[in-house]
Each structure stands twice: as C-alpha cells, then as structure tokens.
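Okay, here's what each chain looks like letter by letter:
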Number of protein chains: 2
Amino acid sequence: MKITDLIACFIREALEKMDGVAELSRSEMAKQFHCSPSQINYVIATRFSPERGYLVESRRGGGGYIRLMQVSNDCDAMATHVLGSIGNSIDPLSVRAIVANLEATGVLTMEQARMIETAISEAALRPSDSNERDALRASIFKHMLLQIICLPKEGKTE
Amino acid sequence: MKITDLIACFIREALEKMDGVAELSRSEMAKQFHCSPSQINYVIATRFSPERGYLVESRRGGGGYIRLMQVSNDCDAMATHVLGSIGNSIDPLSVRAIVANLEATGVLTMEQARMIETAISEAALRPSDSNERDALRASIFKHMLLQIICLPKEGKTE
DNA sequence: ATCAAAAAGGTCAAAGAAGGTCAAACTATA
DNA sequence: TATAGTTTGACCTTCTTTGACCTTTTTGAT
C-alpha cells in the first residue's frame, strides 16, 4: 500500500475520532511515516481539498499545527454538490444564479448571500487582472460556501 | 499549548477580572511562566497592540509596572475609521488583527468576521498572483466592510 | 544634595521551530 | 510508452523563544 494512502487513512481516522476536527503536526506525522514533510501537504492537497469537503487551517512557528475540518454530515448534499460543480473558474452571472438558488432553497441566509456577492463582485475584484478574475471568483466562492457549511463547528481559541 | 498563548490567556483573564484595566509586573510574570521577560513584551506586542484595541502604559524602576487598558470604541465611527485607514494593499496579519478587533468591539458579528476572513484568506486568493494578493485583499475587505456598514440594520442601535 | 547601586522595564537581533511551495525525479498504470 | 500519480529535497515564510545590552526610576549611603 502506498504511503500516501496510509497517511490519508490516518487523517481520516483522526477526523473520525475527533468528531470532524483534527489538529495535526506535520513534522510529527512526517517522522511517524518516515516521509518528507511536504508529502503531508501532498496528501492534504489531493485528498482533503475543499472540493472534497474539507477546510484546512494552519499556523507556522513554534507550536504550529494543521487543522482539518470535515463538512458536517447533516449539511446539505446540495451545497456539497454545488461545490463540486463549480470548476476553477466562474463568471459573475453564474454566481448570481447559483447564489440566488441557494438562497431560495434556504442553504444561504440573505446576509450570507449578500456577503458572498459583495466579496466576489467585479468591483471588489477589480485590482486583479481581468482574465484572472473568474478563477479568483471561483476560489473565493468555494471557500466561503464551505465555511458556511462548516459553520456549526464551535472553536477557535482566538 | 504554547507558552505565548498561556500568557495571553492570563492577561485576558486579568483584564476581565479587573474590568478592562490590568496592572502587571513583567518580571513577576516571567518568573511565574518560566520564560524570559522579553517574552511578555512579545505577547503584548502581538496580542494586545493598539490595533487590537488595547492601550499600554508602563513604568520602569522600583515598583515598575505594565498597565493594559481595553478601549471601547464607537461602532460606526470605528468602522469608518478603519475603512479609511486601509490603504490599497493589506497583508493577512493586519487583516486578522483588524477583524478580531472589530469583532471584539461588536462592530462585526462572529459570522461576518469569519466570512470576511475566509473571503480574503491566502487560500481563497491563491489563484491570484502573489504580489497582487495584498491589493486584492484590501479591495475585497473594504467592499465587504462597506456593505456591512451600509446595511440597514434594524434594531442594532443599542 | 549627590551619586552609585539596584530594580524595573525596553529593544533588537539571532536562533529555533514549525509549516508552505515548487519543481524535478521517480513509479505505476492505461 | 505516455500519462497520471507519488516521493523527495531545496529553499521560503511565519511565529516563538532567548539573550545581550540599554534606559528610567527608586533607594540608600555619604
């Protein structure tokens, strides 16, 4: 079995045990699995990406960590589906349609919808290169949706 | 848990207990936490900066002290001020500090704070060119803040 | 009153401890 | 054999910890 899969397995187990939120040490894991630290990043990037329903947060420096959060199961398959269906580029019109739909079906509150639209509006993204904007929009959109879906997770020591 | 966070915690508790004003002894704390005195300065500089809404005063010599004060700010004036103070480029750390402060002072709800942070996180902005990100961040940040402030907020007048 | 020692606190830079990124080399598989 | 998926390593950025050295205030001896 590939080491990548072993690591992925380990992470999944940790997530399971910790009820959807796991705080891991990259260097520890690397030591444990006798692999290079960056392989942990590889596993996370390929198996625990936002598209697959995970949020990742990390801190460097002494006492650093990588925190993975799994989208809670009770959250609509719908949003997850939408998430999967957003490619890595999306135009303003599609965004509006999707957001309106999500709002109509109660996945998003009015405020959330507004904030998302504001964040990825042409105006807000203006400093960016014009042909980059759609990609940016897709990325921000996905991250925000995910964050909202994950919301009922208390936490944050800050 | 990091010692830095322990110290920050201690200070926050002191502030809470003393109703927003705490007078501490650097050397005492250093002894208590088994750390170098300058680490206390580090914690104060990184966690209790004026940006985050704290005032710091100190005296040297015999009977010296460090006095921290939590300052409360008027919501809208503050948001407006913050808005003005954001140039057309801002780094992630400053964002975090500002948002945390706005949240602490009740200008932003927790959800709003989270959404903003998500929208302009490094991860979300990743598709963009690295030296463009700060500018983008500033733009999105301002747009979102503005949207929130301009929102007809019924019943939040206090 | 004067001055030196002691008692605080301040500053800054270097070292250490994480995590991040990227591309090149390798491997498995269609 | 192309192609996609893994593995590795060199180099980067961020956050924390420590220590050497500096400044200000108080205190006590003369």
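About the criteria used
- Residues numbered from 1 in each chain as written.
- Chains lettered and ligands numbered in written order.
- Predicted model: local features only at pLDDT ≥ 70, side-chain atom pairs only at ≥ 80, totals over all residues.
- Heavy atoms only, no water.
- Near = heavy atom within 4 Å.
- Polar contact = N/O pair within 3.5 Å; in protein donor to acceptor, adjacent residues only side chain to side chain.
- Helix = DSSP H or I, 4+ residues; strand = E, 2+ residues; numbered from the N terminus.
- Nonpolar A, V, L, I, M, F, W, Y, C, P; charged D, E, K, R; others polar.
- Domains from an automatic or database assignment.
- Contact = heavy atoms within 4.5 Å.
- Buried area = accessible area lost by both parts, 1.4 Å probe.
- Salt bridge = Lys/Arg side-chain N within 4 Å of Asp/Glu carboxyl O.
- Core = buried A, V, L, I, M, F, W, Y, C linked by side-chain atoms within 4.5 Å.
- Buried < 20%, exposed > 50% of the residue type's maximum accessible area, 1.4 Å probe, protein only.
- Pairing = 2+ DSSP bridges.
- Axes fitted to C-alpha atoms, helices over the stretch in contact; angles between N-to-C directions.
- Parallel < 35°, antiparallel > 145°, perpendicular 65-115°, else oblique.
- Left-handed = near helix turned anticlockwise from the far one by under 90°.
- Phe/Tyr/Trp six-rings, centres within 6.5 Å; stacked < 30°, edge-to-face > 60°.

*Asks:* How would you summarise the protein's contact with DNA strand C if you had to cite specific residues and measurements?
*Replies:* DNA strand C sits among 29 residues. The nearest are Arg26, Ser27 and Asn41 of chain A together with Ser27 and Asn41 of chain B. Counting only the atoms of DNA strand C that lie within 4 Å of the protein, the sugar and phosphate share comes to 57%. One nitrogen or oxygen atom from the side chain of Ser58 of chain A is found 3.0 Å from a phosphate oxygen belonging to DNA strand C. Within the contact set of DNA strand C, a base nitrogen lies 3.1 Å away from a side-chain nitrogen or oxygen of Arg26 of chain B. Taken together, the elements giving at least two residues each to the surface near DNA strand C come down to helix H2 (26–33), helix H3 (37–47), strand E2 (54–59) and strand E3 (65–70) of chain A together with helix H2 (26–33), helix H3 (37–47), strand E2 (54–59) and strand E3 (65–70) of chain B. Of the residues that constitute the surface near DNA strand C, the class distribution is five nonpolar, 17 polar and seven charged.

*Asks:* Give a detailed account of the protein's contact with DNA strand D, specifying residues and quantitative values.
*Replies:* Lining the immediate surroundings of DNA strand D are 26 residues, of which Thr4, Gln39 and Arg60 of chain A together with Thr4 and Gln39 of chain B lie closest. Considering DNA strand D, the proportion of its atoms within 4 Å of the protein that are sugar or phosphate atoms stands at 64%. At 2.6 Å, a side-chain N or O of Ser38 of chain A approaches a base oxygen of DNA strand D. Within the contact set of DNA strand D, a phosphate oxygen lies 3.3 Å away from a side-chain nitrogen or oxygen of Arg47 of chain B. Listing elements by their share of the surface near DNA strand D, those giving two or more residues are helix H1 (3–17) and H3 of chain A together with helix H1 (3–17), H3 and helix H5 (92–104) of chain B. Considered class by class, the residues forming the surface near DNA strand D number five nonpolar, twelve polar and nine charged.

*Asks:* Give a description of the domain arrangement of chain A that names residues and reports values.
*Replies:* Residues and elements named next belong to chain A. By the assigned domains, chain A splits into domain 1 (3–70) and domain 2 (77–150). The distance between the C-alpha centroids of domain 1 and domain 2 comes to 26 Å. Each partner contributes residues to the interface: domain 1 has six residues there, and domain 2 has five residues. Each partner contributes to the roughly 530 Å² buried at the junction of domain 1 and domain 2, and carbon and sulfur atoms together form 77% of this total. Ranking the residues of domain 1 by area buried against domain 2 places Pro50, Glu51 and Leu55 at the top, with a combined share of 81%. At the junction of domain 1 and domain 2, the tally comes to one salt bridge. Close ionic contact of Lys142 with Glu51 constitutes a salt bridge, the shortest N to O distance being 2.9 Å. Where domain 1 touches domain 2, the interface holds one residue pair in polar contact (both at pLDDT 80 or more).

*Asks:* Please provide a residue-by-residue account of the nonpolar core, values included.
*Replies:* Grouped burial of nonpolar side chains is what soluble globular proteins tend to show. Ranked by internal contacts, the top residues of the largest apolar core, which has 55 residues, are Ile116, Ile140, Phe141 and Leu145 of chain A together with Ile116, Ile140 and Phe141 of chain B. Sorting elements by how many residues they give to this core places helix H8 (residues 133–150) of chain A first, with nine residues. With residues near it in sequence (within four places) discarded, Phe141 of chain A still touches Ile86, Ile90, Val95, Ile98, Val99, Ile116 and Ile120 of chain A.

*Asks:* Give me the lowdown on the pairing of strand E1 (residues 21–24) of chain A, citing residues and values where you can.
*Replies:* Residue and element names in this part refer to chain A. What you see with E1 is a clean split: Ala22 and Leu24 sit on the buried side and Val21 and Glu23 on the side with no burial. The sheet contact formed by E1 and E3 spans four bridges and is antiparallel. If you follow Glu23 over to E3, its bridge partner there is Arg67.

*Asks:* Can you tell me about unusual backbone geometry, naming the residues and giving the values?
*Replies:* One non-glycine residue, Asp19 of chain A, lies in the positive phi region at around 65°. Along the chain, Asp19 of chain A falls in the loop between H1 and E1. Its relative accessible area of 66% is what places Asp19 of chain A among the exposed residues. For His34 of chain B, which is not a glycine, the phi torsion comes out positive at approximately 55°.

*Asks:* Got a sec to walk through the packing of H1 of chain A against H2 of chain A? Specific residues and values, please.
*Replies:* All names here are of chain A. Following both chains from N to C, one finds H1 and H2 inclined at 130°, their axes separated by 11 Å at the closest point. With respect to each other, H1 and H2 are oriented oblique. Crossing geometry of H1 relative to H2 is assigned as right-handed. For the pair H1 and H2, the contacting residues are Ile3, Leu6, Ile7, Phe10 and Ile11 in the first and Met29, Gln32 and Phe33 in the second. The residue makeup of the contact of H1 with H2, split by class, is seven nonpolar, one polar and no charged.

*Asks:* Kindly report on the packing of aromatic side chains, identifying the contributing residues and their values.
*Replies:* Residues and elements named next belong to chain A. Per the stated rule, a full pass over the model turns up four aromatic pairs over all chains. Seen in terms of ring centroids, Phe10 and Phe33 are 5.5 Å apart; in terms of plane orientation they differ by 80°. Their pairing is edge-to-face. Remark: Phe33 occurs in helix H2 and Phe10 occurs in helix H1; sequence separation between them is 23 residues.

*Asks:* I'd love a proper account of the interface of chain B and chain A, names of residues and values included.
*Replies:* The interface is formed by 28 residues belonging to chain B together with 30 residues belonging to chain A. Surface buried jointly by chain B and chain A totals about 2,700 Å² across both partners, of which 59% is contributed by carbon and sulfur atoms. Summed over the shared surface of chain B and chain A, the number is zero salt bridges. At the junction of chain B with chain A, the criterion picks out six residue pairs in polar contact (both at pLDDT 80 or more). Only helix H6 (110–119), helix H7 (122–125) and helix H8 (133–150) of chain B provide two or more residues apiece to the side of chain B that touches chain A. Looking at the side of chain B that touches chain A residue by residue, the classes come out as 14 nonpolar, six polar and eight charged.

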